[in-house]
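One letter stands for each residue in the lines below.
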Amino acid sequence: MESWRLPVEIIAYILSFLPIPDRKEASLVNQLWYSAAQESLRQENLLYNIPASSASLRTIKSLAQRHVGNVKMTNLDGSSTSRDVVRYVANHLGPHVLSLCLHGSSLTETSFEELLLACPCLTALDLSGCNSLFMSGTLLSKEENYLKAQESLANLQELNLSGLRYLSDITFNRLTNWSLHLEKLSLARCHITFEFDAYYGSTNYNSSVLLSFRNLLQFLRRRASSMKTLDLSGTSISSQAMRSLAQVENLHLEGMVLQACRDLTNETVSILCQHQPHLTTLDFSGCSELSDQAVLTICSRLPGLRCLCLGKLPRVTEAGFQKISQLKHLQRLDVSECSLVSCGELAKSLSTAKERPKLVSLNAAFCYLLQESSILSLAETLSKSLRVLDLSSCVSLGNRSVQAIASHLLLLTVLRLAWCKELTDWGLLGIEESQEEREHVAKKDAGPKFSRNFGNLGFFQPPPQDLEQEDQILIDFAKHTVQEKRQASLSALTHLQELDLTACGNLTDRSIAKVIRFPELRRLSLSLMPNITDNSLLAVARHCRSLEHLSLNHCVNLTDKGFIEAAGSLPRLQHLILSGCNQLTTWTLKAIGQECQQLKSLDVSMCSRISMADVEHFQSYFPLQSQASIQSRFVGGADLSISL
């Protein structure tokens, strides 16, 4: 049966197995496939970003035919264009909108109320950073509008009010009084008063000046049966306040986010774990007073925990992870920027446990004490579950670690190895380093070091040999015990969608051109790698045709010739960073403009051979409604010492 005769429902079901970018491409086949692709995309609950421009008005009418349910509007202000966009969304999309995000917008109260009243089915509302709405304190102050808002807010389940400087009790109450089924509330970085009691001896919690913890507590008592997730990041919540919150009757939280709450102590963590034992998500990142005792308490008292974020905790050491295996349902663990953590105890605890957690994501970025032995153990232990691994700036990580990752973690979709400067081509290729190469690297590393972070990236080294010469080196080397010394190369990670090799300065064409061959790769960073040339660029373009984000800043050996040949193989490219690539000229811009029609942002800052006239000409390749963003600071080689 020919495909065009298949019912649209069948085609939509088939397309549902493809990644979203592939479905977008499939929608270009014909009208039937377009309808099927749109149907499959609708089932994904995609968020549609609508910029505040006159070009959006036609798009809004088109989206209305698809019954789009999730809308984000950016850059809204008090201009006539913004008012028109709001009015179009209210009239054409309002009845079907389930999720509305206005993050950081500066729209007027009148426009917001018009939009809110037109959305009777809202389940999620994001007003984070919308300070202009709350500055006057009169939002929904008119009785008529307040009563009409009942229909729009009655089904609300998620409310994000983070970053609002002028949020007060009275405006908070107006937004939440009708929300009887609210499950998720974010008040991150709001100015909540915990110590000062403005209502001493009173039960009327309607201050127009401040947002009080007493009023929040009263709200939680009323919504205890429905509230599941609370975000109080960046507030000054104290132990006493946490005790009062955790002990609210019938409150059974599943998620608690307390990032950068610097007044929290180990006692506070103990109180929370004691009274909220059903937590599945807990984020204490940046709570600098917490130590090993807090981590041990979490491991002992929260057996159902699935996500644990402990980033930026300078007092936490290896001892805190002795009981991590007790969290049998743990799927995500973040210990990034914990300077005293080497992951040795973590690896030991997981490897010896009879029923170990099936970690899906592990973030150990900036753990400077991390040793290769820990990575070797973790790679083998988590081989059947791990999908996301971040080891950025783990300076001790070397070739053995990469080969262990490639051998065991075959399900990885995200791998970040930025600033792992010990990595060499041999590690990515899966070949044991020869004695001659070790001596050469040792001699090279004996040169001057520029700083702790940048090290000797090779900026002042002779250019690498041609790729053909390097191939011959590998062939000659392969003749000697290659079967005994070959390990898995990075190319074994066939499911990779994101790879970050920023500042891995020892890598050259001989590994990049041979290993970076991932058909599903969406994001790739090869920035600050001065030894790669057009050969690597061409190989990446030909073998990673799904690329959407590509970062190549300060790759000084890239030329126009490489981009002219590669651009045609990157039709899905949306974001390209080329800052500091001083050999590129207007010919590169022309090739990108002609071939990469989906481009949304381009950074050519500090490209000395590209002028502002070239940038302006490049923008002419894209229609006005594309909203392409071009970063061009210091183009033409501006003197930074003067410009700054």
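As the structure is a computational prediction, the values presented were derived from the model and not from experiment. (Residues numbered from 1 in each chain as written. Predicted model: local features only at pLDDT ≥ 70, side-chain atom pairs only at ≥ 80, totals over all residues. Heavy atoms only, no water.)

Q: Teacher, can you tell me more about the overall build of the protein here?
A: Helix and strand content of the protein: 26 helices and 22 strands. Across the 644 residues of the protein, 52% fall into the buried class. A total accessible area of about 29,400 Å² is found for the protein, and carbon and sulfur atoms account for 50% of it. (Helix = DSSP H or I, 4+ residues; strand = E, 2+ residues; numbered from the N terminus. Buried < 20%, exposed > 50% of the residue type's maximum accessible area, 1.4 Å probe, protein only. Areas by Shrake-Rupley, 256 points an atom, 1.4 Å probe, with all protein chains shown as cover.)

Q: Looking at this structure, how should I read the environment of Cys 607?
A: Tracing the backbone shows Cys 607 in the loop between β21 (601-603) and α25 (612-619). Sequence separation of Cys 607 and Gln 583 is 24 residues, and the distance between their C-alpha atoms is 7.7 Å.

Q: Help me understand the environment of Asn 215, please; the structure alone is not making it clear to me.
A: With respect to the secondary-structure elements, Asn 215 resides in helix α10 (residues 213-222). For the pair formed by Asn 215 and Ile 170, sequence separation is 45 residues and the distance between their alpha carbons is 9.5 Å. A polar side-chain atom of Asn 215 sits 3.2 Å from a polar atom in the side chain of Asp 169. (Polar contact = N/O pair within 3.5 Å; in protein donor to acceptor, adjacent residues only side chain to side chain.)

Q: So what exactly am I meant to see when it comes to helix α22 (residues 534-543) here?
A: Turn by turn, an α-helix covers 3.6 residues, leaving residues three or four places apart pointing in a common direction. Most of α22 sits inside the fold, with 7 of its 10 residues counted as buried. Of the positions making up α22, those classed as buried are Asp 534, Ser 536, Leu 537, Leu 538, Ala 539, Val 540 and Ala 541.

Q: Sorry if this is basic, but what is going on with the side chain of Thr 235 here?
A: Along the polypeptide, Thr 235 turns up in the loop between β9 (229-231) and α11 (239-246). Setting aside chain neighbours within four positions, we find Thr 235 in contact with Leu 187, Arg 189, Cys 190, Ile 192, Phe 194 and Cys 261. (Contact = heavy atoms within 4.5 Å.)

Q: How should empty space enclosed by the protein be read in this particular structure?
A: It is the rolling of a water-molecule-sized probe over the atoms that shows where space remains empty. Using the criterion set out here, one finds 1 cavity of 30 Å³ or more in the structure. As a volume, the largest cavity reaches approximately 40 Å³. Lining the largest cavity are Leu 362, Ile 375, Leu 378, Ala 379, Leu 386, Leu 389, Ile 405 and Leu 409. In terms of residue count, helix α15 (residues 372-381) provides more of the lining of the largest cavity than any other element does, 3 residues in total. (1 Å grid on protein atoms, 1.4 Å probe; cavity = no way out; pocket = protein on both sides within 12 Å on 5 of 7 lines; lining within 4 Å. Points joined across faces, edges and corners; volume = space filled by probe spheres on them.)

Q: For this particular structure, what's the right way to read the packing of helix α5 (residues 80-93) against helix α6 (residues 109-117)?
A: The description of two packed helices rests on the angle between their axes and on the distance between the axes. It is the contact of α5 with α6, at a shortest axis distance of 9 Å, that shows an interaxial angle of 15°. As the angle between them shows, α5 and α6 are arranged roughly parallel. Relative to α6, the crossing made by α5 is left-handed. Across the interface between the two elements, Arg 83, Val 86, Arg 87, Val 89 and Ala 90 from α5 touch Ser 111, Glu 114 and Leu 115 from α6. (Axes fitted to C-alpha atoms, helices over the stretch in contact; angles between N-to-C directions. Parallel < 35°, antiparallel > 145°, perpendicular 65-115°, else oblique. Left-handed = near helix turned anticlockwise from the far one by under 90°.)

Q: Quick question: what am I supposed to make of the confidence of the model for the protein here?
A: Interpreting fine coordinate detail is not advised for predicted regions of low pLDDT. Mean pLDDT over the protein: 86, with 86% of residues reaching 70 or higher. Across residues 448-485, confidence stays below pLDDT 50; counting only partners more than four residues off in sequence or on other chains, it has 45 contacts. Low pLDDT, under 50, characterises residues 638-644; the predicted model gives this stretch 5 contacts beyond four residues in sequence or across chains. (pLDDT = per-residue confidence, 0-100.)

Q: Can you walk me through the layout of surface pockets in this structure?
A: When its volume is computed, the largest pocket comes out at roughly 1,800 Å³. Along its surface, the largest pocket is lined by 40 residues, and Lys 24, Tyr 48, Asn 49, Thr 59 and Lys 600 are the ones closest to its centre. Broken down by secondary-structure element, the contributors of at least two residues to the lining of the largest pocket are α2 (20-26), α3 (31-42), β1 (48-51) and α4 (56-64). Broken down by element, the lining of the largest pocket gets its largest block of residues, 5 residues, from α4. Across the lining of the largest pocket, the residue classes break down as 15 nonpolar, 17 polar and 8 charged. (Nonpolar A, V, L, I, M, F, W, Y, C, P; charged D, E, K, R; others polar.)

Q: Help me understand the pairing of strand β2 (residues 70-74) in this model?
A: Across a regular strand the side chains alternate sides, sitting on one face of the sheet and then on the other. Among the 5 residues in β2, 4 count as buried, and that is most of the element. With 4 bridges connecting them, β1 and β2 associate as parallel partners. Among the inter-strand pairings, Asn 49 is bridged to a residue of β2, identified as Lys 72. Since β1 and β2 lie parallel, the crossover through α4 that links them has a hand, and here it is right-handed. (Pairing = 2+ DSSP bridges. Right-handed = clockwise from strand over helix to strand, strands pointing away.)

Q: Explain the packing of aromatic side chains here, please?
A: Each pair of aromatic rings is reported with the distance of its centres and the angle of its planes. Per the counting criterion, the structure on display carries 5 aromatic pairs. With a centroid separation of 5.2 Å and an interplanar angle of 90°, the aromatic rings of Tyr 13 and Phe 17 are classed as edge-to-face. Judged by its relative accessible area of 54%, Tyr 13 is exposed. On the basis of relative accessible area, Phe 17 is assigned to the exposed category, the value being 61%. (Phe/Tyr/Trp six-rings, centres within 6.5 Å; stacked < 30°, edge-to-face > 60°.)

Q: Help me understand the nonpolar core in this model?
A: In summary, soluble globular proteins display a tendency toward joint burial of nonpolar side chains. Core analysis: the largest hydrophobic core is formed by 172 residues, its most contacted members being Met 256, Phe 284, Leu 501 and Ile 516. Those residues in contact with Leu 501 that lie beyond four places of it in its chain are Leu 417, Ala 418, Leu 428, Leu 507, Ile 512, Ile 516, Ser 525, Leu 526, Ser 527 and Met 529. (Core = buried A, V, L, I, M, F, W, Y, C linked by side-chain atoms within 4.5 Å.)

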